[in-house]
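Tertiary structure, described
As a plain string of letters, each chain reads:
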Protein chains: 2
Amino acid sequence: MMSSFDFAPLFPAGLPAPTARWTGLAKYSFVGGNNDSEQVPLDELVEAANAALRREGRNLATYGLAHGPQGYLPLREFLVTKLKRDAGIICTVDDLLIVSGSLQALDLVNHTLLARGDTVIVEQDSYQGALNRLTRLGVNVVGIPLDADGMRMDLLAATLTDLKDRGIRPKYIYTIPTVQNPTGSIMPESRRAELLRLSANYGVPIFEDDCYADLVWSGQRPPAIHAMSPNGGVIHIGSFSKSIAPALRVGFVVAPWDVMSRMLSLKTDAGSGALEQMVLAEYCKPHFSTHVPALTKALRTKLDTLMEALNEQFGTAAEFEEPKGGIFLWVKLPDQVDTLKLYEAALAAGVSINPGPEWSTNKKHSSSRLRLCFASPTHQQIREGVAVLAEVCRREFAVPARSANVEKARA
Amino acid sequence: MMSSFDFAPLFPAGLPAPTARWTGLAKYSFVGGNNDSEQVPLDELVEAANAALRREGRNLATYGLAHGPQGYLPLREFLVTKLKRDAGIICTVDDLLIVSGSLQALDLVNHTLLARGDTVIVEQDSYQGALNRLTRLGVNVVGIPLDADGMRMDLLAATLTDLKDRGIRPKYIYTIPTVQNPTGSIMPESRRAELLRLSANYGVPIFEDDCYADLVWSGQRPPAIHAMSPNGGVIHIGSFSKSIAPALRVGFVVAPWDVMSRMLSLKTDAGSGALEQMVLAEYCKPHFSTHVPALTKALRTKLDTLMEALNEQFGTAAEFEEPKGGIFLWVKLPDQVDTLKLYEAALAAGVSINPGPEWSTNKKHSSSRLRLCFASPTHQQIREGVAVLAEVCRREFAVPARSANVEKARA
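Calculation rules
Residues numbered from 1 in each chain as written. Chains lettered and ligands numbered in written order. Predicted model: local features only at pLDDT ≥ 70, side-chain atom pairs only at ≥ 80, totals over all residues. Heavy atoms only, no water. Helix = DSSP H or I, 4+ residues; strand = E, 2+ residues; numbered from the N terminus. Rg over C-alpha atoms; globule rule 2.2 N^0.38 Å. Buried < 20%, exposed > 50% of the residue type's maximum accessible area, 1.4 Å probe, protein only. Phe/Tyr/Trp six-rings, centres within 6.5 Å; stacked < 30°, edge-to-face > 60°. Lys NZ or Arg CZ within 6 Å of the ring centre and 35° of its normal. Contact = heavy atoms within 4.5 Å. Buried area = accessible area lost by both parts, 1.4 Å probe. Salt bridge = Lys/Arg side-chain N within 4 Å of Asp/Glu carboxyl O. Pairing = 2+ DSSP bridges. Axes fitted to C-alpha atoms, helices over the stretch in contact; angles between N-to-C directions. Domains from an automatic or database assignment. Polar contact = N/O pair within 3.5 Å; in protein donor to acceptor, adjacent residues only side chain to side chain. Least-squares fit on C-alpha atoms with pLDDT ≥ 70 in both. Disulfide = S-S within 2.5 Å. UniProt positions renumbered as here; feature names shortened; annotations may be inferred. Core = buried A, V, L, I, M, F, W, Y, C linked by side-chain atoms within 4.5 Å. Right-handed = clockwise from strand over helix to strand, strands pointing away.

On to the overall build of chain A. The number of helices and strands found in chain A is 13 helices and 14 strands. For a compact globule of 411 residues, the expected C-alpha radius of gyration is about 22 Å, and chain A comes in at 22 Å, within 12% of that figure. Along the three orthogonal principal directions, the C-alpha set of chain A runs to about 65 × 60 × 60 Å. Every one of the 411 residues in chain A was classed for burial, and the buried ones make up 61%.

Now the structure itself:
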């Protein structure tokens, strides 16, 4: 559409850069929270859509199906049961808000608690969508390094003390404790308890993002931090994007009423999509607890394929900790690899990756790291894509050495 | 859920008041954009859900169904056809953005163009959701009085001149030209042309909200302002909330790429709900053009019931212009009626109404006015609800006089 009207002088200062035109997914796409299309429970979703529409479809004529601003009641009822069973969270439907994906939850929590110039604490390597939002809001983001058990409590304690000495009370501690994004760790129960003690001592609430928590290889997870909290100072969010399908934009928040009532005033969207809530509730009640182990099993085989391909193609040049669940692997390449540059070169070769600096508050630590998502590509695409990536790395950064590859192949 | 953690000190200044707990819809609900539940095309929506899920359900594993950030391609293709046929708009799928209801469109346009302290022009009586957003953004809102043909161009011209003299360039002129909310007028083509001339002369773009434009009694509507624009300085938004079902949160924006590319950068929700887009596209292609006339016919009979009930219960005390379409009636009561007070008293009696001051920039003009939505209640509920409302008015404001009612009944 041609426009001779010049809108540019009307744009306010501080707008993000314009988006480029969509050109499709890369041939080998290792980015995004996309899932395994073979695992979408198609027959059951069709049945659920039929049943829910036949029974309650006429209610679509009323905003929010007349269930109020917190969302479709049967879906909240399912979540009350699910959260108790899986995460140990005791809550009622009144403590739950259904949102349009957990990204909307991030926005609502942020707008309820944050003003420009505020300080928040996050895990040093963390979800890009969370970090970008905080940057846009003009918030000071303090990253705490992680180890194999998640956020390090010694460094968190030191940071809280330091901030307190400077008269700064952070607005929250954001954590992804159960299948951390991007490192894939699970914070043990004892560390969760320590985190809660620090939260209480310093009067800083915890913002717990559990959106990958269903996808744990062992099927066992510690109780949610929310479930362990003695004082209610935890806001808990989750999603159906990872357990069912990401294109269904349905997430949820568990929060005390003091926070909930503020979030509701900021949720001015006339409700989240009702059809998706209806279909999910109808599907999840009978099928969720059998679907998730099957999905997780399939994802685990893709992780194995990815790790094998990396070992084969990169040898010792690609280092990683095996994640405890989820859909991504956090990979360390040799220090000379700048993954922001690798991103560009790989994309030109048909491979998309998440460069580490976009997923971290520590640009130096993350400059040679990258996140590879393995749920969406097929096993064959994983193998081919990693081979192309290795070839690009070799060409651009001289790693992995050809010999590493050959040695590995001979081993 | 009990929380001893005190979140209150963490809330930033300027948060809106907390939302009260949901207590359900009023017995007689004349508020909100709710529609006629009898007109939800249930069988066809079930068929559409089946067909779309069977064919493309596996794509739900990928964000946005891999159709990019502008939304599901078949729905954009339907809109290209529909907008050309109904509104005369010539556009391509690249000019369209699917959003989570037209409220998200308002947010995206506002955040693309507005900063605190900016000025915008609106119709004096206008959509509450639009007015509230502008207030929250700290924008100066200038309302232009309406007549039976919509926004008055003489007063708009005078306002634009006055603002220009004061060095102020408004960011946009927001109009609901086709079934104006709340007055129900349709701006004739000649006035649309005049509006476009003023827009071009003063360099102020037009923000055209056409979300009720499908619901016109005559089935005939003027071309969209967007379609008539010689310079492309029009952003056009619409919705499926009024034509199909409001609980499906699907709207759209037509905008030049300069604006579109900025909106896309602000739309950080990982896409609008895919299932609703899939079902709508599947449903609308074969059924939209027959469904809408049937829906409109049913709505028209409810309007007739509402106008009859008002005449019967209020006599000459209730004045209104017959709307040209839509789902609401804008009613003037005698000057002594304060509809903000009436709202409270009526709600206590089980009747919810929209008080005029919430739908107007002119509190004096609107203080004795109210908006009554008629699509959702049954014919019987309309009659009973208006009777209760009249009784409350009599008790609280001594209007309508008992005699008016009786005179009318005898007439």
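Turning to the packing of aromatic side chains, a few remarks are in order. Following the criterion strictly, the structure yields 18 aromatic pairs over all chains and no others. Judged by centre distance (5.2 Å) and plane angle (80°), the rings of tyrosine 172 of chain B and phenylalanine 207 of chain B are edge-to-face. Taken together, the residues tyrosine 172 of chain B in the loop between helix 5 (153–165) and strand 7 (173–175) and phenylalanine 207 of chain B in strand 8 (residues 206–209) connect sequence positions 35 residues apart. You can call phenylalanine 207 of chain B buried: its relative accessible area is 1%. Here the basic side chain of arginine 21 of chain A rests over the ring of tryptophan 257 of chain B, its NZ or CZ set 3.9 Å away from the ring centre. The cationic tip of arginine 371 of chain B hangs over the ring face of tryptophan 359 of chain B; the distance from NZ or CZ to the ring centre is 3.8 Å.

Residues and elements named next belong to chain B. Its location among the elements puts glutamate 358 in the loop between strand 14 (354–355) and helix 11 (363–366). Taking the C-alpha atoms as reference points, glutamate 358 and arginine 371, 13 residues apart in sequence, are found 9.7 Å from one another. Aside from chain neighbours lying at most four places away, what touches glutamate 358 is Gln128, Leu131 and Leu340.

Contacts between the two partners involve 100 residues from chain A and, on the opposite side, 101 residues from chain B. Together chain A and chain B conceal approximately 8,300 Å² of surface at their shared face, both sides included; 64% is due to carbon and sulfur atoms. The interface formed by chain A and chain B includes two salt bridges. Residue aspartate 43 of chain A pairs with arginine 54 of chain B through a salt bridge whose shortest N-O separation is 2.7 Å.

Residue and element names in this part refer to chain B. Ordered in space as 2-10-9-8-7-3-4, the seven strands form an open sheet in which the pairing is mixed. Of all the strands in the sheet, the pair left with one neighbour each is strand 2 (96–99) and strand 4 (140–144). Strand after strand, the sheet turns through a mean of 20° between neighbouring axes, direction not considered. Here helix 3 (residues 102–113) sits on the sheet in contact with strand 2, strand 7, strand 8, strand 9 (234–239) and strand 10 (251–254), set at roughly 160° to strand 9. Helix-sheet contacts for helix 4 (residues 128–136) involve strand 3 (119–123), strand 4 and strand 7, and the interaxial angle to strand 3 is about 165°.

Residues and elements named next belong to chain A. For chain A, the assigned domains are domain 1 (24–40 + 290–410) and domain 2 (42–287). Look at where the C-alpha atoms of domain 1 and domain 2 centre, and you get two points 27 Å apart. Taken together, the 28 residues of domain 1 in the interface contact 32 residues of domain 2. Three residues, Lys324, Trp359 and Thr361, lead the burial of domain 1 against domain 2; their summed loss comes to 25% of the area buried on that side. At the junction of domain 1 and domain 2, the tally comes to zero salt bridges. At the junction of domain 1 with domain 2, the criterion picks out 18 residue pairs in polar contact (both at pLDDT 80 or more).

All names here are of chain A. Cis geometry is found at the peptide bond from valine 399 to proline 400, where omega equals -10°. Looking at where proline 400 falls in the secondary structure, it is placed in the loop between helix 12 (379–397) and helix 13 (402–410). Positive phi, close to 60°, is recorded for alanine 66, a residue that is not glycine. Take alanine 66: it is sitting in the loop between helix 1 (42–56) and helix 2 (73–87). Looking at alanine 66, the relative accessible area reads 32%, which means it is partly exposed.

After a rotation of 180° and a shift along the axis of 0.0 Å, chain A superposes on chain B with an RMSD of 0.0 Å. Such a combination of rotation and displacement between the chain copies is what one expects of a two-fold axis. Most of the interface of chain A is mirrored in chain B, where 100% of its interface residues are also at the interface.

Bringing the state of the cysteines into the picture now. Between two cysteines, a covalent bond joining their sulfur atoms is known as a disulfide. All names here are of chain A. If you walk through the whole model with that rule in mind, you get zero disulfides over all chains. Cysteine 373 forms no disulfide, and the closest cysteine sulfur to it belongs to cysteine 211, at a distance of 12 Å. For cysteine 373, a relative accessible area of 2% corresponds to the buried category. This cysteine, cysteine 393, is not joined by any disulfide, and cysteine 373 carries the nearest cysteine sulfur, 17 Å off. Accessibility expressed as a relative area gives 0% for cysteine 393, which makes it buried.

A few words on the UniProt feature "domain: Aminotransferase class I/classII large" (unreviewed entry) in chain A. UniProt's feature table lists "domain: Aminotransferase class I/classII large" (unreviewed entry) at residues 36–388 of chain A, given in the numbering used throughout. A helix fraction of 44% and a strand fraction of 14% characterise residues 36–388 of chain A, whose end C-alpha atoms lie 21 Å from each other.

Turning our attention to the nonpolar core. By size, the foremost hydrophobic cluster in this structure holds 82 residues, and its most contacted members are Leu60, Phe240 and Ile244 of chain A together with Leu60, Phe240 and Ile244 of chain B. The residues touching phenylalanine 240 of chain A, leaving out its near neighbours within four places in the chain, are Leu75, Phe78, Leu79, Ala245, Val250, Phe252, Leu280, Cys284 and Phe288 of chain A.

Here the focus is the pairing of strand 4 (residues 140–144) of chain A. Residue and element names in this part refer to chain A. By the bridge criterion, five bridges tie strand 3 (residues 119–123) to strand 4 in an arrangement that is parallel. For valine 120, the partnering residue across the bridge sits in strand 4 and is valine 141. After leaving strand 3, the chain enters helix 4 (residues 128–136) and then returns to the sheet as strand 4, a path that is right-handed.

Right, let's get into the pattern of salt bridges. With the rule as written, the count across this model stands at 44 salt bridges over all chains. For the salt bridge of arginine 152 of chain A with aspartate 154 of chain A, the shortest nitrogen-to-oxygen distance reads 2.7 Å. Between lysine 302 of chain B and aspartate 36 of chain B there is a salt bridge, with the nearest N and O atoms lying 3.3 Å from each other. Here lysine 302 of chain B, found in helix 9 (residues 274–314), pairs with aspartate 36 of chain B, found in the loop between strand 1 (28–29) and helix 1 (42–56); they are 266 residues apart in sequence, far enough to count as distant. In this structure, a network of salt bridges that share partners links the residues Lys82, Arg85, Asp86 and Asp214 of chain A.

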